[in-house]
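The primary structure of each chain is shown beneath.
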Amino acid sequence: MTVPKDMAEKWLWMLVPWRGRRNPRNKNPGQEEERRVKASDRDYNEKFPYADNRIRTSKYNIFTFLPINLFEQFQRVANAYFLFLLILQLIPQISSLSWFTTIVPLVLVLTITAVKDATDDYFRHKSDQQVNSRQSQVLINGKLQNEKWMNVRVGDIIKLENNQFVAADLLLLSSSEPYGLCYVETAELDGETNLKVRQALTVTSELGMDMSKLADFDGEVVCEPPNNKLDRFVGTLYWKDSRYPLDNEKLLLRGCVLRNTEWCFGMVIFAGPQTKLMQNCGRTAFKRTSIERLMNTLVLWIFGFLLCMGIILAIGNSIWEEKVGKNFRDYLVWEDVLSNSVFSGFLTFWSYIIILNTVVPISLYVSVEVIRLGHSYFINWDRKMYYGQRDMPAEARTTTLNEELGQVEYIFSDKTGTLTQNIMVFNKCSINGKTYGDVYDEFGHKVEISEKTPCVDFSFNPLRDKKFHFYDHSLVEAIKLGDPMVEEFFRLLALCHTVMSEEKNEGELVYQAQSPDEGALVTAARNFGFVFRARTPETITLYEMGKHVTYQLLAILDFNNVRKRMSVIVRNPVGQIKLYSKGADTILFDRLDPTNDDLMYTTSEHLNEFAGEGLRTLALAYKDLDEEYFADWMKRLHIASTTLENREELLASLYEEIEQDMMLLGATAIEDKLQEGVAETIACLTLSSIKIWVLTGDKLETAMNIGYSCNMLRDDMNEVFIITGHTVLEVQQQLRRAKEQILGSGRETANCSKDAEKTEQYRNDSVFEETITSEYALIINGHSLAHALEADLECLLLDTACLCKTVVCCRVTPLQKAQVVELVKKYKRAVTLAIGDGANDVSMIKTAHIGVGISGQEGMQAVLASDYSFAQFRYLQRLLLVHGRWSYYRMCRFLCYFFYKNFAFTLVHFWFGFFCGFSAQTVYDQWFITLFNIVYTSLPVLAMGLFDQDVNEQNSLRQPKLYEPGQLNLLFNKRQFFMCTLQGIYTSCVLFFIPYGAFSNTVRDDGSHIADQQSFAVTIATSLIIVVSVQIGLDTNYWTAVNHFYIWGSLTVYFSILFAMHSDGIFRIFPSHFPFIGTARNSLTQTSVWLVILLTAVICVMPVVAIRFLRTDLYPTLSDKVRHMQQASRKQRPQEQNLKRVRRTSSRRSAYAFSHQEGYGELITSGKNMKAARLFPAPPTGRIPGSSSWIESLLKKRTEMASGAAVGPLNGSAERSKSENTPVQQQHID
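Just so we're clear, the structure is a prediction, and the values are computed from it rather than from any experiment.

1. Here we look at helix α4 (residues 77-89)
Thinking step 1. An ideal rise of 1.5 Å per residue puts 18 Å on 13 residues; α4 measures up with 19 Å between its terminal C-alpha atoms.
Thinking step 2. Looking at α4, one finds that the buried residues are Ala78, Asn79, Tyr81, Phe82, Leu85, Leu86, Leu88 and Gln89.

2. As for the pairing of strand β8 (residues 220-223)
Thinking step 1. Alternating positions in β8 separate into two faces, Glu220 and Val222 on one and Val221 and Cys223 on the other, with burial throughout.
Thinking step 2. Both strand β1 (residues 35-38) and β8 contribute to a ladder of four bridges, which runs antiparallel. Bridging across to β8, Lys38 finds its partner in Glu220.

3. Focus on the UniProt feature "active site" (unreviewed entry) in the chain
Thinking step 1. When the UniProt feature table is mapped onto this chain numbering, "active site" (unreviewed entry) sits at Asp414.
Thinking step 2. Here Asp414 is to be found in the loop between β15 (408-413) and β16 (420-431).
Thinking step 3. Excluding residues within four positions of it along the chain, Asp414 makes contact with Leu419, Leu695, Thr696, Lys817, Ile835, Gly836, Asp837, Asn840, Asp841 and Met844.
Thinking step 4. At 3.4 Å, the side chain of Asp414 forms a polar contact with the side chain of Lys817.

4. Notes on helix α15 (residues 516-527)
Thinking step 1. Compared with the 16 Å implied by 1.5 Å per residue over twelve residues, the 16 Å span of α15 between its first and last C-alpha is a close match.
Thinking step 2. Buried within α15 we find Asp517, Glu518, Gly519, Ala520, Leu521, Val522, Thr523, Ala524, Ala525, Arg526 and Asn527.

5. A short note on the packing of aromatic side chains
Thinking step 1. Across all of its chains, the model carries 60 aromatic pairs by this definition.
Thinking step 2. Here Phe928 and Phe932 contribute two aromatic rings whose centre-to-centre distance is 5.7 Å and whose plane-to-plane angle is 45°, an arrangement assigned as tilted. Taken together, the residues span about one helical turn, with Phe928 and Phe932 both in helix α30 (residues 926-936) at a distance of four residues.
Thinking step 3. Note on Phe932: relative accessible area 0%, which makes it buried.
Thinking step 4. Every member of this aromatic cluster is reached through a ring pair, and the members are Phe910, Trp911, Phe912, Phe914, Phe915, Phe918, Phe992, Phe993, Tyr996, Phe999 and Phe1016.
Thinking step 5. Here the basic side chain of Lys38 rests over the ring of Tyr44, its NZ or CZ set 4.6 Å away from the ring centre.
Thinking step 6. Sitting over the face of the ring of Phe165, Arg134 holds its NZ or CZ atom 4.9 Å from the ring centroid.

6. Re the sheet that holds strand β12 (residues 257-259)
Thinking step 1. Taken together, the three strands give an open sheet; going across it, the order is β7-β6-β12, and neighbouring strands pair in antiparallel fashion. Looking at the sheet topology across the chains shown, the edges are occupied by β7 (195-199) and β12. Each adjacent strand pair in this sheet contributes to an overall mean axis angle of 45°, direction not counted.

The rules we used
- Residues numbered from 1 in each chain as written.
- Predicted model: local features only at pLDDT ≥ 70, side-chain atom pairs only at ≥ 80, totals over all residues.
- Heavy atoms only, no water.
- Helix = DSSP H or I, 4+ residues; strand = E, 2+ residues; numbered from the N terminus.
- Expected span 1.5 Å × (residues − 1).
- Buried < 20%, exposed > 50% of the residue type's maximum accessible area, 1.4 Å probe, protein only.
- Pairing = 2+ DSSP bridges.
- UniProt positions renumbered as here; feature names shortened; annotations may be inferred.
- Contact = heavy atoms within 4.5 Å.
- Polar contact = N/O pair within 3.5 Å; in protein donor to acceptor, adjacent residues only side chain to side chain.
- Phe/Tyr/Trp six-rings, centres within 6.5 Å; stacked < 30°, edge-to-face > 60°.
- Lys NZ or Arg CZ within 6 Å of the ring centre and 35° of its normal.
- Axes fitted to C-alpha atoms, helices over the stretch in contact; angles between N-to-C directions.

Printed below as a string of structure tokens:
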């Protein structure tokens, strides 16, 4: 019987879903050249290998879990190594240890890891099921039927309703809005919460919601194959013997949310894993930490060392058997005599491989997993990372990356929703030369605004927005007194915009703005009595101080990147024609009437003051127009707008003509609210030598303003390089020019280092980067970044970026975010962390070594793809500087101790081999070998790995420089491993040779000989347990009750088990398994044995104590100094000194460029009832002048940290009092 091919493929997919994004029907997913989709014809569409709408982010299914998980686990060299040893132990001719000593811990390790991986994947399955089970209305046989998302197919026509997520990539057919318009929010795609407009073809918009017409629609779409380009779509609709071009404006992408549109219908073009959103999501990678990769290398080294020891002992056995061993056969009769001494050596080699395998016990990996799990729970339980407003704790979604949190060198952050709340607040304004927004006390002194500051009472306005707060009462008084300039100011804000108003109930207004900036300005005008109520293509209706006023909308002079301003021309109820304009102050000031010079000077001073506080500013102006002139101008405008050639230039010339000799009204200042603690967090992380790069899908101007707000960009920087080239050559020239300016003409460009290790060349480059005293910033937009990421320019981009203090990439796609992260991973070999809150950040989060998701306003996609999640950006400081540093410190101390104790434990067998005829005889009792790592020494080292800390959490935050050892891999590396190995070898020599020499001439109290093999074994074992217990006591810096209990408890358990296993009773029950009858009782009652144990322990421990004392006293590290002060002040109550609130002092002015994009004015006036619009880029150019800034002290602190900061905490109260005057610094220790 033959199996149908389709069924075979379906089963193959079920068994191997983890291999890429392959779909069960997608036979050749990489060979699709074009896509043909016929509406509502599943039989036709199923002829093609199109994916269904089911998504899979999980790695396993019920059939593949065991083989794939075991395959992944045996990629660990140690696991494969122990499996090999287990096989050897099953061969009786060479095994001197029982097989259960290896198989029990191996199965335990595999099981614990498998359960953890299964749990992680279960939650992925649960998330996938939740998304796949969402309901969608599908048109089937002329009727709408509810179907799960996963059952939607390519070609289906589905209905979406307001506030629903788009299920797949759809061709928009019709909508409830005029002209087939609909509005979508694309936060999941590009991080922007403003509305975007999409418009159906005129021919399909006529279908409306007539089910019969929609059911009869049989158009065929021929388009490009699935790809990850969010801003591009090319296709053609064939219907009724006609062809209609399709572009990105006709497409609704999966992940968008339908807004402000009652309903719409769309035809599925791409589904499931072939949608543009999923094409931008990277694969779920198996992440390993750098320590784990190092451990794999060390295991190979140890295995080589083990082979060398086995070869030495095997050669010794062959020589001994040939020279000496044959003389003993009369006394020790062999069951099977080996006449060949070489073959005897061969068998001995494998015997010693088994005996010495404990140099890397499998319990190491069990302990590592337990410690990582404990560290994850500490993150989950941290109340200081709990966000009460949304009942959201921090969550470690993986347990394998905790120590990597202590080694981060680069942070890649999204902007919208990650650094900011994406909330704009009307903060201050300047009207006719007078500022409003500050609050003063009765003595005329400026008062800091807080939650207790009384707000302005807007109860006189029934249409006010109750969420709006303003604190300067004088502005409301000016409105009530009828100040004409103030009224004209807010009238301009209420008229000059592209906001759409929706009135759900009487007086309940909802504004749909193309950007939060516009929404904030219109909302401010609304609260001060100039309420924008409604608009049509020809009119704008306001509610001015309780009166309905309708203005005739005559023209909208749209924004573009050159103009950097927007104007509207209206006719008021008394017939006057007025032009209202708002835009960048540098643009508007050049177009003012000369009579405004004094006012312009005053307003400019106010703008400098506003921008100095990090506020986004706009200038406002108006102009009265003559009727005849305007009529003539409109005729010329109509002619220009219908011209085919040079249309843009003609329109720009006419706009420039009419926007002259305007009268200045004032300026606005909007605060783009950062999340709480963002500036302080960035300052602290910067002091930790962590570089923060911002990768955002937002506009260049917006990204720059946020950079100034959180002090990543500052006026005192030497240069801010803005890369905006449109060709490869332009981008190359701009990057080279920037790099040459930074380095100077005398230094050649540095080359990227591709070595796995941080080579000396890379260190030199890094040191050079640190020696650059001038500070630079690099800002690059999306289309330039696309060229810069090409193979020829990527090294130049990376070199230039790494020489800069701040890097901002704007207008980048999700895939470009991942490419930037991959670039740093590839060449810098540094630990990277990506943090974001939207679906557009998923690819970046998956690519970085560590992914952090913020559960914000843009859904849970980033959280579901992340390794760690929390609610606020400021928690990143605690995650890295406290949990990350502690996890790295604890893991390093754990590994150093573990390797030490196992070398000390195992190498005793090596020395004993030279005294037992190389016979593979073990020194210790077999039960001691089995229990040493599992019972006797497991809990104390676990306690150290879980609870130890060099300094407390307060000092970890106050002294960010403590984070640097992790970045430089100082606490556990190949050198540290070598030192641990030497200490272990030294300890094993002392453990063996001191008792061996002492027992040569020692007798019991009764005069009988003491030097039997079993007594010798008990003496060495007891000495070993005491020495490693003392050593872990020396290694522990933070003692808890758990540490005491485990260390003393382990010693107690050792002696209890020792006497129990050497007792007469257990020997009578299991005579063959417990041969050491009475040995402990006979040996440990002898004074001489205890003297030998004491001498051995002292000789093992004293050199370590002496070396550590001298090193700490002569060459103390920053950690040593901080710990010393911490111990000295332990009697005092610790007082946490947080970094002070940082005031924004940038004097960067914001331009109108941040809130508009060209084209929406035309849509409004065309009668298509435009409701919202898109953001747009407006890249500024040139150099930003320098000035003084609060961050100066921070920069000085950075250069002084290597010497001054470490000593600073020790300099007494005088230094501490002096440091309190610095706004942002490393806080001193109590």
